[in-house]
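Structure at a glance
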Amino acid sequence: MSDARDIDPYDADRPLLMRCSCGRHGSAAEHAAEDASTELRRRSETADFEADSNAFVEATLVKALFPQDAVRRRFLRAVGKGTAMAAIASVLPIAPLQALAQAAAAPEKKDLKIGFIPITCATPLIMAHPLGFYSKQGLNVQVVKTAGWALIRDKMLNKEYDATHFLSPMPLAISMGVGSNATPMNVATIQNTNGQAITLHVKHKDKRDPKDWKGFKFAVPFEYSMHNFLLRYYVAEAGLDPDRDIQIRVVPPPEMVANLRAGNIDGYLGPDPFNQRAVFEEVGFLHLLTKDLWNGHPCCAFGTSTEFIQQNPNTFAALYRAVLTAAAMARKPENRELIAKVISPQAYLNQPETVVAQVLTGRFADGLGNVRNVPDRADFDPIPWQSMAVWMLTQMKRWGYVKGDVNYRQIAEKVFLLTDARKTMKQLDQKVPDGAYPKFTIMGKVFDPEQPEPYLGSFAIKRT
Amino acid sequence: MDGTRSLDLRAGLLSALILALLLGVWQLATRPAAGSAAAPAATMTPEQIEYARLLGKEPGAEAGSTAGRSGFPTPAQLGSKMVEHLSRPFYDNGPNDKGIGLQLAYSLGRVGLGFALAALVAIPLGFLIGMSPLVYRALDPFIQVLKPISPLAWMPLALYTIKDSSISGIFVIFICSVWPMLINTAFGVAGVRREWLNVARTLEVSPLRKAFEVILPAAAPTILTGMRISMGIAWLVIVAAEMLVGGTGIGYFVWNEWNNLSLTNVIFAILVIGVVGMLLDLLFARAQKAVTYVD
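Note that the coordinates shown come from a computational prediction; the quantities given were computed from them, not determined experimentally.

1. Section: the interface of chain A and chain B
- Counting from both sides, the interface comprises 53 residues of chain A and, opposite them, 42 residues of chain B.
- Linking chain A with chain B are one salt bridge, by the criterion used here.
- For Glu50 of chain B, the salt bridge is made with Arg363 of chain A, and the minimal N-O distance between the two is 2.6 Å.
- Going through the elements one at a time, strand 2 (140–145), helix 6 (149–157), helix 9 (253–262), helix 10 (274–280), helix 14 (353–361) and strand 12 (363–365) of chain A are the ones with two or more residues in the side of chain A that touches chain B.
- Of all the elements, helix 9 of chain A adds the most residues to the side of chain A that touches chain B, at five residues.

What follows is the structure in structure tokens.
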């Protein structure tokens, strides 16, 4: 990050120092990062934020239980707040999660390793580390940068990591044994929503209609990713068969930019900051934000194995609280610029700060000469709606990643947490809400999670 | 004596000249193109100025200050990066940000361990193969099949079975450094001169003594050649393995800087890898010289 420019002797604005002015940091950027993290930490300790983030966590859980507002109101009126809160507390098989300020039970395991891929999707997971949210929960967490998604999968399977940053379809695939041994995994929260983009090479500035993309070569970061599913969905809506009319390759994100520059690929649907990085390098432009395909779509997730949750429920609860607190903080637009400073240095994303800031603040250069302002370009809405899982399963089936009959609900509820709530509520003799199945609109088409098979059948291009 | 000294001197001068030439060509090739200066800030709309800033360019600044951002660095940029890294080689900012010295230590540790394990297996086994034509013939097909396998092809298998990424890295070093040592040891042992073995037999020395006092010294130069080749391969492999597995080491450093698209750091790492590889080779060359004998 601190290139030779940092010590340009003729730059009047920079001190002629190899180190920052206070002398404690390796570079001026590190110094700025520490200042930013001090400020964010101060903000996180204000009573306002604590109340906010408690409310946020609580709202997350209430919303997850009661996707339909009407049902929620009916339920609250019927049983009263106390009972409702008890029910909400049992959303996960663990101690009350919503009581962030409350002293929690001692974690079973304190020293944890959490894997992450250096992309902005991992923002809450990463920033919880420098801001001390993990240590506040009594955990000694190492966030470990990992070289690729397959490695994340392998390190979760062989228990080197206690919890990890996932692409949200990965836990579904791993739990079903698609592309690996079947090992039950859980999604605790969605890390981020939106935040991806289709980037095209600058030479394709005049080919903005996907119908013109026949023969294009695209890259996605992993097969079991929202990137792959959304790209396939998008080109198929334009009438192209993603397996025959275009090529889709799995390429690690940093190599996407290099391959785009070399002309080996025509574009990619990739994670940020690599879309913005392509603009920064002046090799690509942002064709569209995935927000425009499905506003509020999930992308990355935070999760772990079912076994880990069962063996360490308190640790898991503490982790969950830390990540949700970070998500609450990251949701606020006024914090985004500082967060970019905190997570850009070498220990985390290792990217130019201006690139990360553009992704997080949503004020960005689009590579076509415009400055655009899209505040919700990336957002952090942590609810793992089970209907999202159902959608991912329909797409996995659509493109032939899974064959035969799929029990959508069963898999979705097994993997996307919030399930035991229903069991517990039954035990408490309460009327069970209908699970987390809100409908979504994807490219103008409403997805009804109650009807996955007819939805699947409605597509002209598919592999089933 | 005088002749060799003047030859050394001239060779040194020539090397310096070639280096200067290379640096000069590099400097010229990466020189910012004249006339690429951004339009003066005065003629730009506020939006254009903001756009330029978002692309990391300071409008109105000299062209030179923004060139080579992540493109090919100039020698001066590389030099300042080197000074920066070498001035604090052992800092440790947690698992994802360590000084170059620490990263090298991790890599050398892995190579050392994998190589030592390989030596422990390959040299005794090589002895056995070299002394017994029967074992040689029996094992030969296996060696021939396993030897040409690229070490990285072992990686997924290792990760799957060993279930630990750092041990998998060591295993890959082991599996790639075992073959040259094994083959060279077997070759060296099999090639010990008949007369010496016959003398040992007439003197009725014990088999152990024969192995250590006759065969080992005789085969030592060949064995060390094998070890030298193995070490070269191990050092080649560790970088690739660490790029794949991540975590720590010089290979991870390269991957991390590739992630940042920072060619300057990648070139710096390449130089470091080259220099360390050369030092390792020198070490074995010394050892080889020490055990060489004249017939």
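2. Structural notes on the confidence of the model for chain A
- Looking at chain A, the pLDDT average stands at 78 and 77% of residues meet or exceed 70.
- Residue range residues 91–103 of chain A is modelled with pLDDT below 50. Its contacts to residues more than four positions away, or to other chains, number 38 contacts.

3. Here's the deal with the layout of surface pockets
- The calculated volume of the second largest pocket comes to roughly 820 Å³.
- Together, 39 residues line the second largest pocket, and Trp149, Ala150, Leu151, Arg153 and Asp154 of chain A are the ones closest to its centre.
- Of all the secondary structure elements, the ones that give two or more residues to the lining of the second largest pocket are helix 6 and helix 9 of chain A together with helix 6 (154–162), helix 9 (207–245) and helix 10 (250–259) of chain B.
- A per-element tally of the lining of the second largest pocket places helix 6 of chain A first, with six residues.
- Looking at the lining of the second largest pocket residue by residue, the classes come out as 25 nonpolar, eight polar and six charged.

4. Notes on the sheet that holds strand 9 (residues 267–271) of chain A
All names here are of chain A.
- Strand order in the open sheet formed by five strands is 8-7-9-6-10, and the pairing between neighbours is mixed. This sheet does not close on itself; its edge strands, each paired only once, are strand 8 (247–250) and strand 10 (284–289). Adjacent strand axes in the sheet meet at a mean angle of 25°, parallel and antiparallel pairs treated alike.
- One ladder, built from five bridges, connects strand 6 (residues 196–201) with strand 9; its direction is antiparallel. Its bridge partner lying in strand 9, Leu200 is registered against Gly267.

5. Observations concerning the side chain of Ser344 of chain A
All names here are of chain A.
- Inspection of the secondary structure assignment puts Ser344 in the loop between helix 13 (333–343) and helix 14.
- Within the structure, Ser344 has its side chain in polar contact with the backbone oxygen of Ala340 (distance 2.5 Å).
- Setting aside chain neighbours within four positions, we find Ser344 in contact with Leu349, Asn350, Gln351, Pro352, Glu353 and Val356.

6. Looking at the UniProt feature "domain: ABC transmembrane type-1" (unreviewed entry) in chain B
- As annotated in UniProt, the feature "domain: ABC transmembrane type-1" (unreviewed entry) corresponds to residues 104–284 of chain B in the numbering used here.
- Along residues 104–284 of chain B the backbone is 87% helical and 0% strand, and the end-to-end C-alpha distance reaches 19 Å.

7. A word on the UniProt feature "transmembrane region" (unreviewed entry) in chain B
All names here are of chain B.
- According to UniProt, the feature "transmembrane region" (unreviewed entry) maps to residues 111–130, 168–192, 233–255 and 261–284 in the numbering used here.
- Secondary structure within residues 111–130 divides into 100% helix and 0% strand; the distance between the first and last C-alpha atoms comes to 26 Å.
- Its end C-alpha atoms 35 Å apart, residues 261–284 is made of 92% helix and 0% strand.

8. A short note on the sheet that holds strand 3 (residues 163–167) of chain A
All names here are of chain A.
- Strands sit in the order 2-1-3-11-4 across an open sheet of five strands; the sheet is mixed. The open sheet has two edge strands, strand 2 and strand 4 (185–190), and neither has a second partner. Sheet twist, expressed as the mean angle between neighbouring strand axes with direction ignored, is 30°.
- Note: strand 1 (residues 111–116) against strand 2, six bridges, orientation parallel. Note on strand 2: the bridge partner recorded for Leu112 is Val141.
- Contacts between helix 7 (residues 169–176) and the sheet are confined to strand 3 and strand 4, with strand 3 contributing the most and set at about 105° to the helix.

9. Quick word on the pairing of strand 4 of chain A
Residue and element names in this part refer to chain A.
- Among the six residues that make up strand 4, six are buried, leaving the element largely enclosed by the rest of the structure.
- Pairing geometry for strand 4 and strand 11 (residues 300–305), over five bridges, is antiparallel. Bridge pairing in strand 11 links Val187 to Gly303.

10. Looking at the nonpolar core
- Grouped together as the largest cluster of nonpolar side chains are 81 residues, with contacts concentrated most on Trp149, Ile198, Trp213, Tyr268, Trp391 and Phe416 of chain A.
- Ranked by the residues each element gives to this core, the list is headed by helix 8 (residues 226–237) of chain A, at eight residues.

The rules behind the values
Residues numbered from 1 in each chain as written. Chains lettered and ligands numbered in written order. Predicted model: local features only at pLDDT ≥ 70, side-chain atom pairs only at ≥ 80, totals over all residues. Heavy atoms only, no water. Contact = heavy atoms within 4.5 Å. Salt bridge = Lys/Arg side-chain N within 4 Å of Asp/Glu carboxyl O. Helix = DSSP H or I, 4+ residues; strand = E, 2+ residues; numbered from the N terminus. pLDDT = per-residue confidence, 0-100. 1 Å grid on protein atoms, 1.4 Å probe; cavity = no way out; pocket = protein on both sides within 12 Å on 5 of 7 lines; lining within 4 Å. Points joined across faces, edges and corners; volume = space filled by probe spheres on them. Nonpolar A, V, L, I, M, F, W, Y, C, P; charged D, E, K, R; others polar. Pairing = 2+ DSSP bridges. Axes fitted to C-alpha atoms, helices over the stretch in contact; angles between N-to-C directions. Polar contact = N/O pair within 3.5 Å; in protein donor to acceptor, adjacent residues only side chain to side chain. UniProt positions renumbered as here; feature names shortened; annotations may be inferred. Buried < 20%, exposed > 50% of the residue type's maximum accessible area, 1.4 Å probe, protein only. Core = buried A, V, L, I, M, F, W, Y, C linked by side-chain atoms within 4.5 Å.

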